[in-house]
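# Descriptive analysis of the structure
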Amino acid sequence: MPTPRRLRFVRTQVALLLGLLLALAAVGAFSPGLFVLLGVIGFVTAIELLTPAEVRPRWYGRVEVLVTLALVTAAAVAGVRTVQLFEPGLLP
């Protein structure tokens, strides 16, 4: 059964992603790359704000794996975007 802190983390992450999606759509700036980059920044921020400082929860080890995957994904998106900016005909 999920703990209240874990549920708070999931609710915060879902609210952050939905708010991000609505904000990007409202200003007409939505792109999958930008959504991923801002989502990763929000994910890491939520982890830092909602993880207790004095006791490390058991689920924190699994979150570290997700953070690593998220940062690798963000780096890949940023790399693809950089290549597109400097070499317009190289990638679709």
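Residues numbered from 1 in each chain as written. Predicted model: local features only at pLDDT ≥ 70, side-chain atom pairs only at ≥ 80, totals over all residues. Heavy atoms only, no water.

Attention now moves to the overall build of the protein chain. Helix and strand counts for the protein chain stand at three helices and zero strands. Taking 12 Å as the expected radius of gyration for a compact globule of 92 residues, we find that the protein chain reaches 16 Å, considerably beyond that expectation. With respect to the principal axes defined by its C-alpha atoms, the protein chain has extents near 50 × 30 × 20 Å. Taking all 92 residues of the protein chain together, the buried fraction comes to 22%. The contacts of the protein chain with a sequence gap of at least 6 include a subset with a gap of at least 24, amounting to 49%. On the protein chain, roughly 6700 Å² of surface is accessible, and the fraction owed to carbon and sulfur atoms is 72%. Positive and negative charge centroids in the protein chain, built from 8 and 4 side chains respectively, lie 13 Å apart. (Helix = DSSP H or I, 4+ residues; strand = E, 2+ residues; numbered from the N terminus. Rg over C-alpha atoms; globule rule 2.2 N^0.38 Å. Buried < 20%, exposed > 50% of the residue type's maximum accessible area, 1.4 Å probe, protein only. Contact = heavy atoms within 4.5 Å. Areas by Shrake-Rupley, 256 points an atom, 1.4 Å probe, with all protein chains shown as cover. Lys, Arg positive; Asp, Glu negative; His and termini not counted. Charge placed at Lys NZ, Arg CZ, Asp CG, Glu CD.)

Of all hydrophobic cores here, the largest spans twelve residues; its members are Phe9, Val40, Phe43, Ala46, Ile47, Leu50, Trp59, Tyr60, Val63, Val67, Ala70 and Ala74. Listing elements by their share of this core, those giving two or more residues are helix H2 (32–50) and helix H3 (60–86). If we ignore the near neighbours within four places in the chain, the residues touching Val63 are Phe43 and Ile47. (Core = buried A, V, L, I, M, F, W, Y, C linked by side-chain atoms within 4.5 Å.)

Moving on, we get to a nonpolar patch on the surface. A grouping of Val10, Val14, Leu18, Leu21 and Phe30 is seen on the molecular surface, where their side chains present a nonpolar patch of about 420 Å² in accessible area. Along the chain, Phe30 turns up in the loop between helix H1 (4–27) and H2. (Patch = residues over 30% accessible without salt bridge, like charges linked within 9 Å, V, L, I, M, F, W, Y side chains within 5 Å. Salt bridge = Lys/Arg side-chain N within 4 Å of Asp/Glu carboxyl O.)

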